[in-house]
Amino acid sequence: MKRRGVQARVSILALALLAATAAASGAARDSIDWRGSSVSVRADSSGPGASYAFAVTDPDGTVRTRTVSEPAGRPYVRTGNALFDGAFALAQVELAADSVAAITDGAFNDGAPLACECFETGEKWHYVWTRDLSYAADLGLSYLDPARTRTSLLFKESGVRPTLIARGVAPVQVIAQDTGSGGSWPVSSDRVVWIHAALDTLAALEARPAAGFGRLIYRIARDTLAQDRAYAYDARVGLYRGETSFLDWREQNYPAFTATDTRTIAESYALSTNVLHVVALEDAAGLASRFGAPAAAAVYRAEATALRRAINQRFWIAEAGLYASYLMPGVRPWPVPTYDLLGESLAVIHGVADAARARIIVSSYPSTAAGPPVIWPELPGIAIYHNRAIWPFVTAYALKAAIAARAAERTEAYFASLLRGAALALSNHENFEFLTQATAFADGPLSGPVVNSPRQLWSVAAYAGAVIDGLFGIRVGALALSIEPHLPVNLAWRLFGDERSLVLKGLSVHGRALSVTLLRPATAAADGWLEGSTVSLNGRPLAAPGIRYAELRSDGINEVTVRLRVRAADSPPPRILAPSDPLAPTLAEHEALYGPPSPAAPIARRDGAVVRLELPVPAARTTLEVYRDGARLPPQGAAGVLEDRPPDARATTCYSLVQRWSDGGHASLPGPATCVAAADSKGALGVDSKSVNLQGARLGRDATGRALLEDWGLPSQALELKFVPTATGLQRLRVNYTKSAAPVNTGITAAVKQVTARCGGQPASEKGTVVMPHLGRGTAEGASTAFVFHATAGRACRVRLSDGFNMSYLEHFRLYTGGEGGRDGPRNRATLSGFLFDFLGAAPLADAKR
């Protein structure tokens, strides 16, 4: 992908990313000017409990104000800059507001409160959500309030309902995947982020509260990872299936057809979700070693290593210098040239990307003057939410990645975005428009962000953590804390002027009170970092930045002083997207910011060994690219027509189209695939076929007389299919079903079944799953995810479908009243109409070549 158009490599100051620059006198400024708006902050004192009066003047002259006072018992900062100190106080005030005694949600307990000394998700979201809580814990909640964080995390783990255990369902203890696309897990499978958050929290707890918590985390991690290995892992590809983490509004970052087709998402492979599984496996290895299970630890480490390797082999797009956000499913999964900031950042932070790739990623992912968008490039015709948006919690992870990659200018830009967003909005909002950093941006039917909550928990944690962990460099471990500041020289000068002493007070870790002072050298604005040179504890010099808790006194305040020095930085400057007018970009600027629209599906007809494709007319200023089973085909034939000769005429072949800007810039997301089976394919079985053993289940009929296996899938039910392949190689099974009573965008009852294939001539049976996601109300019929297995021509296979597991089986969801599978009892069922076997080819699955 060419880098072009509105991109420029310029300084943060030139783009006014932070207007709180130092005055000529060297005094820190306490205001920001941004796109016709300004914010100023006034502090009433320099002692504990100070109040900060924020005043924002909007372009129309409207003045918005908010005054916050530092809450007692919470950390605070003193830097000589009321804007910086006040924004930190704002985060502490909002963290206190998010700390509640009861939680509510309209889809649980009929909206009645549930007692829980927990964190709620935000001003508009009064419940505890696994993903939001876990990322917030990782960003700072774990040490800011470890007891409440532990309580909140434990609310999101669950055993199986006792009624199901009595019927033979295994009594596992796992993490709850919240309601979501297609009926939740395993369409979405990022719940493992909880494991790392729990370990962060364990490290911050004192010995007595931590007692037993570590073993419980290990059990939950063990059972959850075993489930994900059985139901979400694809051994042929070496990756976990499931939706991108946090990016969970289908058409906001996936092709538009996924708005009603979550099967594609369930079969796809997401960068972020796979990185989270690497982290979870490594965390589980550490827990297994700690609790006397070295063999299990070795298995987890081996699985993490293999997964890390598969991510690097399959997701990396060298010409972009980034990992693809996800792989499209198919015979050969292929990387789509769309990118997401959370996935890239997690890969850098957790070492999935090596040092060289980490630097490339941090320099390649673009930012606007307002901050980094969470997806790239943006999608045309899609309202602002994940698309065209900045999310502070993701920016905080990008900040961590920039620090890890030693990118000083990126670190400065990302922190500036966090500070400016909180100050101008007078709250730590959920999200912002990506060019203006507005909390509400008018663009007709595309206006947004369409949902946006003040004091969003992970945004609150993001800002607090960016100061404590990011700039002050305080890391909380199980036995010790380390203090390794990472403060860009330019950021320090522009924020704090000549102020030499930056102090964080009131932080309590393992019951010990800390006051951390960073002493800046006398230096003007310059490239590079301020890093620790010497560290002292209560006046005593330390040999290393690590401080064991046993060294800290339990009474009084532990004074830690870090003397900073300047270290040069050699990282490339940020890649900035700066349209001349964000409200009306030029045509060239639009094409630099957005990908083209996705094309329609091709029309395909097979004529013996040849497939003839009729292609749609490409959109203006674009060219069409044709992909066969994930591999791009060379242009050929007359306009609008392409004839292709697939390598195996017996195999089902799938074609997808992509549009690319004519100058070679951004590509669109793929359109829907068109698949063509062999002309003599006879792999379809009705549920009333003699090759289907219903094992006692009763058939029904629809209005046309077609046989149906209605509402099938009780824990005790199974069925067996007899299938004789006509070619040796990989076979694919899909189940045709209806499940139209459940909405496509939420719920917990994706039907999940185990599949076992025993085929003559094969050394062993193969096991896997099929998932039947929600189809949306009124949708007639869909096809399940694929179960792929190897078989020999002419040798009979017996394929057994039996009960699996879904989120409705968990006791946690007994209180769910927003749809089926909650208070009305577990539900893992669908109405089946048939089964489709097709041949995929003689060769093993391989990487698609781009």
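Residues numbered from 1 in each chain as written. Predicted model: local features only at pLDDT ≥ 70, side-chain atom pairs only at ≥ 80, totals over all residues. Heavy atoms only, no water.

J.: Which residues make up the layout of surface pockets, and what values go with them?
T.: Estimated volume of the second largest pocket: approximately 820 Å³. Lining the second largest pocket we find 32 residues, and of these Trp129, Arg131, Thr179, Asp248 and Tyr385 sit closest to its centre. For the lining of the second largest pocket, the class distribution of residues is 11 nonpolar, 11 polar and 10 charged. (1 Å grid on protein atoms, 1.4 Å probe; cavity = no way out; pocket = protein on both sides within 12 Å on 5 of 7 lines; lining within 4 Å. Points joined across faces, edges and corners; volume = space filled by probe spheres on them. Nonpolar A, V, L, I, M, F, W, Y, C, P; charged D, E, K, R; others polar.)

J.: Go over the pattern of salt bridges, please, and point to the residues and values.
T.: Considering all chains together, one arrives at 46 salt bridges under this definition. The partner of arginine 64 in a salt bridge is aspartate 58, with the nearest N and O atoms 3.0 Å apart. Using a relative accessible area of 17% as the deciding quantity, one classes aspartate 58 as buried. Across the pair glutamate 781 and arginine 706 runs a salt bridge whose closest N-O atoms are separated by 3.1 Å. A residue pair is termed long-range when its members are at least 10 positions apart, and glutamate 781 in the loop between strand S47 (766-772) and strand S48 (782-783) and arginine 706 in the loop between strand S42 (700-701) and strand S43 (707-712) qualify at 75 residues. Connected through shared salt-bridge partners, Asp711, Lys739, Glu820, Arg827 and Arg829 make up one network. (Salt bridge = Lys/Arg side-chain N within 4 Å of Asp/Glu carboxyl O. Buried < 20%, exposed > 50% of the residue type's maximum accessible area, 1.4 Å probe, protein only. Helix = DSSP H or I, 4+ residues; strand = E, 2+ residues; numbered from the N terminus.)

J.: Just give me the short version of the confidence of the model for the chain, but keep the residues and values in it.
T.: Note: predicted coordinates in regions of low pLDDT should not be interpreted at a detailed level. For the chain, the average pLDDT comes to 92, and 94% of its residues sit at 70 or higher. Taken together, the stretch residues 1-28 has pLDDT below 50 and engages in 94 contacts with residues farther than four places along the chain or on a different chain. (pLDDT = per-residue confidence, 0-100. Contact = heavy atoms within 4.5 Å.)

J.: How would you explain the state of the cysteines if you had to name every residue and give the values?
T.: This structure, assessed with the given rule, holds three disulfides. Between the sulfur atoms of cysteine 116 and its disulfide mate cysteine 118 the distance is 1.7 Å. No difference in accessibility class separates cysteine 116 from cysteine 118, as the two residues are buried. Paired through a disulfide, cysteine 654 and cysteine 675 show a sulfur-sulfur distance of 2.0 Å. Since a negative S-S torsion denotes a left-handed disulfide, the cysteine 654-cysteine 675 link at about 105° is right-handed. Here cysteine 654 is found in strand S38 (residues 653-661), whereas its partner cysteine 675 is found in strand S39 (residues 674-676), with 21 residues between them in sequence. Since its relative accessible area comes to 14%, cysteine 654 is described here as buried. Along the chain, the cysteines engaged in disulfide bonds are linked according to the scheme 1-2, 3-4, 5-6 when indexed in sequence order. (Disulfide = S-S within 2.5 Å.)

J.: I'd like a description of the side chain of serine 188, backed by residues and values.
T.: Take serine 188: it is sitting in the loop between strand S10 (173-175) and helix H5 (193-204). In terms of polar contacts, serine 188 uses its side chain to reach the side chain of glutamate 243, at 2.7 Å. (Polar contact = N/O pair within 3.5 Å; in protein donor to acceptor, adjacent residues only side chain to side chain.)

J.: Explain the packing of H5 against helix H7 (residues 213-231) to me, using residue names and the numbers behind them.
T.: Closest axis-to-axis distance for the H5/H7 pair is 10 Å, and the angle between their directions is 170°. For the element pair H5 / H7, the angle class is roughly antiparallel. Contact residues: H5 offers Trp194, Ile195, Ala198, Leu199, Thr201 and Leu202, while H7 offers Phe213, Gly214, Ile217, Ile220, Ala221 and Leu225. Here the contact of H5 with H7 is composed, by residue class, of 10 nonpolar, two polar and no charged. (Axes fitted to C-alpha atoms, helices over the stretch in contact; angles between N-to-C directions. Parallel < 35°, antiparallel > 145°, perpendicular 65-115°, else oblique.)

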